[in-house]
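Residues per chain, in single letters:
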Amino acid sequence: MIPRPLIVVLALVLAACGLTRPPSMDAAEEDSFEDDVRTARTLTEEFWKQQFDRLGETYRPIADFIPYSGTSGPSCGGEPSVPNNAFYCPVGHFIAYDQDWMEALWNEMGDGSVYLIIPHEFGHSVQAQLGTGFELNVQMELQADCYAGGTLSALVNSGALTAQPGDENELLLSLAAAGDPTDDWLNPAAHGTAEQRQQAFVQGYRGGVGAC
Ligand SMILES: [Zn+2]
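Predicted model, so just to flag it, every value in this text is computed and none were measured. (Residues numbered from 1 in each chain as written. Predicted model: local features only at pLDDT ≥ 70, side-chain atom pairs only at ≥ 80, totals over all residues. Heavy atoms only, no water.)

Draft legend 1. Here's a closer look at the packing of aromatic side chains. Enumeration according to the criterion identifies ten aromatic pairs in this entry. Taking the centre distance of 5.2 Å and the plane angle of 45° together, the rings of Phe-65 and Tyr-97 count as tilted. With Phe-65 in strand E1 (residues 64–68) and Tyr-97 in strand E3 (residues 94–98), this pair connects stretches of sequence that are 32 residues apart. Take Phe-65 and Tyr-97: they sit in the same class, and that class is buried. Among the aromatic residues, ring-to-ring pairing joins Phe-47, Trp-48, Phe-52, Tyr-59 and Tyr-147 into one connected group. (Phe/Tyr/Trp six-rings, centres within 6.5 Å; stacked < 30°, edge-to-face > 60°. Helix = DSSP H or I, 4+ residues; strand = E, 2+ residues; numbered from the N terminus. Buried < 20%, exposed > 50% of the residue type's maximum accessible area, 1.4 Å probe, protein only.)

In structure tokens:
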């Protein structure tokens with residue numbers, strides 16, 4: 001299911017960054033799920049603020065960051081939120097996520113899942129701010145995966161995050177499982193195949209968000 005060459009490629013990319021062997025993606029040890037979620041949000045927004053500053057633009061922080069359980073999530077433009085999802089809502093400029101679903105991924109796949117899903121959703125918030133238009137939903141999704149890769153490599157390179165051997169596998173596994181299934185996220189036409197998503201992530205990881 002996960003093509004080996006891409007894992008090798010990403011492993012090489014990570015190895016080339018001179019990564020050491022701390023216990024997790026985080027600089028701090030043994031973070032809780034809540035710690036990881038908070039850190040992923042904070043670092044991702046700091047990263048994008050810097051990117052916008054560099055371009056002389058003003059980054060607009062998201063208006064809200066909303067955990068929910070099951071069907072208790074906020075609606076977006078009249079559409080109810082659904083279980084097992086994370087999404088960016090352009091109408092309210094907020095991100096919401098099913099915390100039970102995300103914590104289950106965190107338990108099963110490791111903290112890499114959180115550091116993929118949250119930067120992916122912030123990628124959508126950046127697309128909205130940049131007014132990026134796409135003919136196909138899949139293009140938008142793959143760019144968000146690319147943005148997530150670019151965000152993570154920048155955070156790893158700056159030392160804000162560290163990665164341990166295995167984190168890259170977590171990330172790639174998460175790509176196959178993660179998404180914002182306001183549409184059918186198992187449908188390759190909606191988000192891209194697992195291989196396409198990995199390629200998009202690696203493209204951003206190697207080339208930075210400018211390559212997306
Ligand atoms: Zn998405």
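Draft legend 2. Molecular detail of the sheet that holds E1. An order of E1-E3-E2 is seen for the three strands of this open sheet, with the pairing classed as mixed. On the outer flanks of this sheet lie E1 and strand E2 (86–89), each paired with one strand and no other. Sheet twist, expressed as the average angle between the axes of neighbouring strands with direction ignored, equals 15°. Examined bridge by bridge, E1 and E3 share five bridges and lie parallel to one another. Paired with Ile-66 across the two strands is Ala-96, which belongs to E3. Docked against the sheet, helix H4 (residues 114–130) engages E1, E2 and E3, running at close to 15° with respect to E2. (Pairing = 2+ DSSP bridges. Axes fitted to C-alpha atoms, helices over the stretch in contact; angles between N-to-C directions. Contact = heavy atoms within 4.5 Å.)

Draft legend 3. Quick peek at the nonpolar core. Ranked by internal contacts, the top residues of the largest apolar core, which has 34 residues, are Val-37, Trp-48, Phe-65, Met-102, Val-114 and Ile-118. Once residues lying within four places of it in the same chain are set aside, the contact partners of Ile-118 are Val-37, Ala-40, Arg-41, Phe-65 and Met-102. (Core = buried A, V, L, I, M, F, W, Y, C linked by side-chain atoms within 4.5 Å.)

Draft legend 4. Spatial organisation of the pattern of salt bridges. Inspection of every chain in the model, using the stated rule, returns four salt bridges. A salt bridge links Lys-49 to Asp-53; the shortest N-O distance between them is 3.0 Å. In this pair, Lys-49 and Asp-53 are both assigned in helix H2 (residues 33–54), four residues apart and thus about one turn of the helix distant. (Salt bridge = Lys/Arg side-chain N within 4 Å of Asp/Glu carboxyl O.)

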